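# Inside the fold
Next come the chains, spelled out residue by residue.
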Amino acid sequence: MNATEPQIVVAGHICVDIIPAWSQTDASFASIFQPGSLNQVGPALISTGGAVSNTGIALHRLGVPVRMMGKVGPDLFGRAILDVVRSYDETLTAGMIVAPDADSSYTLVINPPGVDRIFLHCPGANNTFGAGDVDLEQVRGAKVFHFGYPPLMRRMYLDDGAELATLLRAVRALGVTTSLDMAQPDPTSEAGRVDWQRVLVNVLPHVDLFAPSLDEMLFMLDRRRYDAIQRGEDARTPDAALLQGLSQRLLELGAAVVALKLGELGLYLRTSADPARLAAGGALLSSLPASWLGRELLTPCFVVNVAGATGAGDCTIAGLLASLLHGRTIEQALLDATAVGAASVESPDATGGVPAWETVQSRLADAWDKHPLQISADDWQVDAAHQVWHSPADFRTEASRP
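The present account deals with the structure reproduced in this document. (Residues numbered from 1 in each chain as written. Predicted model: local features only at pLDDT ≥ 70, side-chain atom pairs only at ≥ 80, totals over all residues. Heavy atoms only, no water.)

## Section: the sheet that holds strand E13 (residues 267–271)
Sheet strands associate in pairs through backbone hydrogen bonding, adopting either a parallel or an antiparallel arrangement. Keep this limit in mind: At least two DSSP bridges between two strands are required for those strands to pair. A run of H or I in DSSP counts as a helix once it spans at least four residues, and a run of E counts as a strand once it spans at least two, with each numbered from the N terminus.
Taken in spatial order, the ten strands of this open sheet run E4-E1-E9-E10-E11-E12-E13-E14-E16-E15, and their pairing is mixed. Bordering the open sheet on either side are strand E4 (66–69) and strand E15 (381–383), each of which pairs with just one other strand. Relative to strand E12 (residues 257–261), strand E11 (residues 209–210) runs parallel, the two being bridged by two bridges. For Phe210, the partnering residue across the bridge sits in E12 and is Val258.

The following block contains the structure:
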């Protein structure tokens with residue numbers, strides 16, 4: 001594959017994000033949504049959102065040749081999505097689908113400084129996206145196929161994820177590494193009533209790299225604790241035991257590499273100890289050295305001035321995938337992913353803060369400060385040079401490695 005051919009295909013959910021500028025502080029936010037109230041905001045930032053746009057454009061900004069596959073309608077929002085994508089590179093819309101009878105997806109992002117985001121989302125054409133919408137000939141030859149946000153795509157979660165499993169199985173048959181990201185289902189929606197454990201059972205055997213958020217996995221695998229947290233009955237900070245338990249379950253279900261996005265707490269990465277599983281992980285994972293086997297690492301976030309957290313998780317995934325393409329060590333990959341995610345939040349939109357790959361490396365080399373580790377991992381050891389924490393099991397694996 002030459003430098004201009006897509007090395008990564010990003011498919012799945014895409015929408016237009018409408019992000020009003022806010023002057024209110026978190027102290028006044030509770031009074032904003034009152035019946036009959038009028039709240040003055042600033043100009044709206046219009047950007048594309050969803051995994052296809054966020055991860056795809058972040059990869060493009062990092063210098064990775066990428067193809068984007070999403071589905072829009074012929075309406076105003078659909079034209080806006082395509083115009084925004086074209087503004088980065090005309091070729092990025094080559095894999096996009098315009099469905100004549102579809103409504104394009106949009107999200108109103110309520111994202112005032114100091115307050116966690118609120119999304120008002122219309123899934124639109126994403127609900128009709130199916131395995132048949134992916135042209136496998138456009139995937140053939142790529143190193144990675146990344147799919148994002150099946151909980152916001154109705155055909156992908158119906159029948160215990162049968163359509164998603166079919167798609168990923170077909171991609172893996174091409175020898176392409178599969179990567180999957182999730183999204184937080186609305187508990188009151190149809191997606192919120194899906195048995196997500198059954199979906200994961202069916203889908204993860206076909207997933208090489210699984211990169212959900214901790215909250216998503218609590219919702220899907222430990223609903224009791226998730227609900228307790230939402231009710232304010234469980235205020236405990238996640239600890240290493242929780243991360244190990246969830247990641248072990250995901251590895252047992254079939255994933256080869258698990259990256260749990262922890263939001264402001266950082267990033268956790270765990271890999272299979274089975275050489276055969278990594279070897280079966282398609283073009284990218286099969287080329288990883290033995291030093292990636294049986295690893296378990298954790299790192300906190302870099303210190304930045306936060307302008308908006310929209311798309312940070314998607315950009316973190318872009319950083320991880322780009323690092324894998326560059327053949328970096330697992331410690332470097334963890335830091336690369338965290339660095340790209342941190343840079344992204346310096347802009348109010350999803351990807352405007354993502355710099356070129358060389359700039360990311362320059363910031364990493366310049367002793368970029370990190371927040372203290374807030375996750376309880378008392379028996380873990382820190383690699384001060386890399387600002388990465390290793391589990392005791394990870395050190396035992398390291399010591400036994402040739």
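Moving on, there is more to tell.
## Considerations on a nonpolar patch on the surface
Rules: The patch calculation keeps residues exceeding 30% relative accessible area without a salt bridge and links them within 9 Å when they carry like charges or within 5 Å when they are nonpolar (Val, Leu, Ile, Met, Phe, Trp, Tyr). Note on areas: these come from Shrake-Rupley sampling with a 1.4 Å probe, and a residue is covered only by the protein chains present in the view. Salt-bridge detection follows one rule: a side-chain nitrogen of Lys or Arg within 4 Å of a carboxyl oxygen of Asp or Glu.
Judged by side-chain polarity, Phe33, Ile118 and Leu120 come together as a nonpolar surface patch covering roughly 270 Å² of accessible area. By the secondary structure assignment, Phe33 is in the loop between helix H1 (26–29) and strand E3 (44–49).

## With respect to the pairing of strand E1 (residues 8–12)
Across a regular strand the side chains alternate sides, sitting on one face of the sheet and then on the other. As a reminder of what qualifies: For every residue, the accessible area (1.4 Å probe, protein chains only) is compared with the maximum for its type, and the residue is labelled buried under 20%, exposed over 50%, or partly exposed between those bounds.
By the criterion of burial, E1 is predominantly enclosed, with five of the five residues buried. The alternating pattern of E1 places Ile8, Val10 and Gly12 and Val9 and Ala11 on opposite faces, both of which are buried. Looking at chain direction, E1 and E4 are connected through four bridges and run parallel. Following the sheet pairing, Ala11 is matched in E4 by Met69. Where E1 meets strand E9 (residues 144–148), five bridges bridge the pair, whose relative direction is parallel. Each bridged residue has a counterpart across the sheet, and for Ile8 the counterpart in E9 is Val144.

## With respect to the packing of aromatic side chains
Inclusion rule: Between the rings of Phe, Tyr and Trp (Trp by its six-membered ring), a pair exists once the centres lie within 6.5 Å; its type follows the angle of the planes, with under 30 degrees stacked, over 60 edge-to-face, and the other angles tilted. Ring-over charges, as used throughout, are those where CZ of Arg or NZ of Lys falls within 6 Å of the ring centre and within 35 degrees of the ring normal.
Tallying each qualifying case throughout the model produces seven aromatic pairs. In this structure an aromatic cluster arises from ring pairing among Phe129, Phe145 and Phe147. Just above the ring of Trp368 sits the side chain of Arg363; from NZ or CZ to the centre is 3.9 Å. Of note, Lys370 hangs over the ring of Phe302, and the distance from its end group to the ring centre comes to 4.5 Å.

## A look at the nonpolar core
Cut-off, in case you're wondering: Grouping buried Ala, Val, Leu, Ile, Met, Phe, Trp, Tyr and Cys residues that are joined through side-chain atoms within 4.5 Å yields what is termed a nonpolar core. The criterion used for residue contact is that any of the two residues' heavy atoms lie within 4.5 Å.
Counting residues in each nonpolar core, the largest one holds 58 residues, and the members touching the most others are Ile8, Leu59, Leu62, Trp292, Leu321 and Leu324. For this core, the leading source of residues is helix H12 (residues 312–325), giving nine residues. Here Ile8 is in contact with Leu59, Val64, Pro65, Val66, Arg67, Val144, Leu321 and Leu325, once residues within four sequence places are set aside. Counting residues in hydrophobic clusters, the runner-up holds 54 residues, among them Val139, Met156, Met182 and Leu260.

## A word on the packing of helix H7 (residues 214–221) against helix H9 (residues 240–253)
Spelled out, the test is: Only C-alpha atoms enter the line fits that serve as axes; for helices the fit covers just the stretch in contact. Angles between N-to-C directions range over 0 to 180 degrees. Our angle categories are set so that under 35 degrees counts as roughly parallel, over 145 as roughly antiparallel, 65 to 115 as roughly perpendicular, and the remainder as oblique. Note on convention: the crossing is left-handed when the near helix lies turned anticlockwise from the far helix by less than a right angle, right-handed when the turn is clockwise. Residue polarity follows a fixed list, in which Ala, Val, Leu, Ile, Met, Phe, Trp, Tyr, Cys and Pro are nonpolar, Asp, Glu, Lys and Arg are charged, and the others, Gly among them, are polar.
Their axes nearest at 11 Å, the elements H7 and H9 cross at an angle of 65 degrees. By the criterion of interaxial angle, the relationship of H7 to H9 is roughly perpendicular. Between H7 and H9 lies a crossing whose hand is left-handed. Between H7 and H9, the residues in contact are Leu214, Met217, Leu218 and Leu221 and Leu242, Leu243, Leu246, Arg249 and Leu250, respectively. Residue composition of the contact of H7 with H9, grouped by class: eight nonpolar, no polar and one charged.

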